Structure formats: C-alpha cells, structure tokens
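The primary structure of each chain is shown beneath.
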Amino acid sequence: MDIDPFNFADALLGIMAQRLVRTLCSACKEEYAPSADEFAELVQEYGAEHWDKVGVSYSPSLRLLRPKGCPEVRRLRLQGGWIHELLVASDEISA
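For the structure given in this document, a descriptive report is provided here. (Residues numbered from 1 in each chain as written. Predicted model: local features only at pLDDT ≥ 70, side-chain atom pairs only at ≥ 80, totals over all residues. Heavy atoms only, no water.)

Overview of the overall build of the protein
Along its length, the protein carries four helices and four strands. A total of 95 residues make up the protein; the buried ones form 11% of that total. Of the contacts formed within the protein by residues at least 6 apart in sequence, a portion of 83% connects residues at least 24 apart. Total accessible area on the protein stands at roughly 8,300 Å², and carbon and sulfur atoms take up 53% of it. (Helix = DSSP H or I, 4+ residues; strand = E, 2+ residues; numbered from the N terminus. Buried < 20%, exposed > 50% of the residue type's maximum accessible area, 1.4 Å probe, protein only. Contact = heavy atoms within 4.5 Å. Areas by Shrake-Rupley, 256 points an atom, 1.4 Å probe, with all protein chains shown as cover.)

Quick look at the structure:
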C-alpha cells in the first residue's frame, strides 16, 4: 500500500473485527445428548489446546442444544447477533 510505517503506526488507534453469528431460536431449540465422536469433533474445532479453559468434559449426561426447526425460523431465515473483538493500539503494539 506504500504507506510510511512510522506514520501508520502513529495514526492507528485500534483494529476491530466483527461477525454475525447464529443464535438458537427460543421457540424450537431442543436438548440432546452428543455422542463421544461428536464431542471430540467439537473439542477439535474449538481448539484442543484451549479446551481445558472451558471446563467441560464428556459424559453420557452432557446435554447440548440444537435447532429443531419451526415456521418462525423459516420465516426469519437467520437469527443472530454480532460478536466483535477490539485490539486497542498501544505503544508496545505500535513499535
């Protein structure tokens, strides 16, 4: 982009990332017991190295939620909310 790194670092205040994520419909969500394979896949997708921080381990009594589907969900097509992350520029980052 041919920008002077010094001026860019001095002008940078922060970097924001945002994303639309789906939420479960309160009218049709249902509990289910995941299989051990499904739980292992969830751990892998989340990041096995970070899973200990979650504090959830597999057991037959573990219950998760999933969408069942209802006319309201089909009418809205997508229900969701925004998540965002903000990295505030500091002297340490700008250096």
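Some words on the packing of aromatic side chains
This structure, assessed with the given rule, holds three aromatic pairs. A centroid spacing of 5.6 Å and a plane angle of 50° characterise the contact between Phe39 and Tyr58, whose relative ring orientation is tilted. You can see Phe39 sitting in helix α2 (residues 36-46) and its partner Tyr58 sitting in the loop between α2 and β3 (64-67), a full 19 residues away along the chain. Seen in terms of ring centroids, Tyr46 and Trp51 are 5.4 Å apart; in terms of plane orientation they differ by 80°. Their pairing is edge-to-face. (Phe/Tyr/Trp six-rings, centres within 6.5 Å; stacked < 30°, edge-to-face > 60°.)

Some details on the environment of Arg19
One can find Arg19 in strand β1 (residues 14-22). On the basis of relative accessibility, which here comes to 57%, the residue Arg19 falls in the exposed class. Note: C-alpha distance between Arg19 and His84 (65 residues apart in sequence) is 6.4 Å.

Focus: the pattern of salt bridges
Under the criterion given, the structure shown has one salt bridge. Close ionic contact of Arg66 with Glu30 constitutes a salt bridge, the shortest N to O distance being 3.1 Å. Taken together, the residues Arg66 in strand β3 and Glu30 in strand β2 (residues 29-32) connect sequence positions 36 residues apart. The partly exposed category is assigned to Glu30, whose relative accessible area is 26%. (Salt bridge = Lys/Arg side-chain N within 4 Å of Asp/Glu carboxyl O.)

Describing a negative patch on the surface
Taken together, the side chains of Asp37, Glu38, Glu41 and Glu45 present a region of like negative charge at the surface. Note that Asp37 resides in helix α2. On the basis of relative accessible area, Asp37 is assigned to the exposed category, the value being 65%. (Patch = residues over 30% accessible without salt bridge, like charges linked within 9 Å, V, L, I, M, F, W, Y side chains within 5 Å. Lys, Arg positive; Asp, Glu negative; His and termini not counted. Charge placed at Lys NZ, Arg CZ, Asp CG, Glu CD.)

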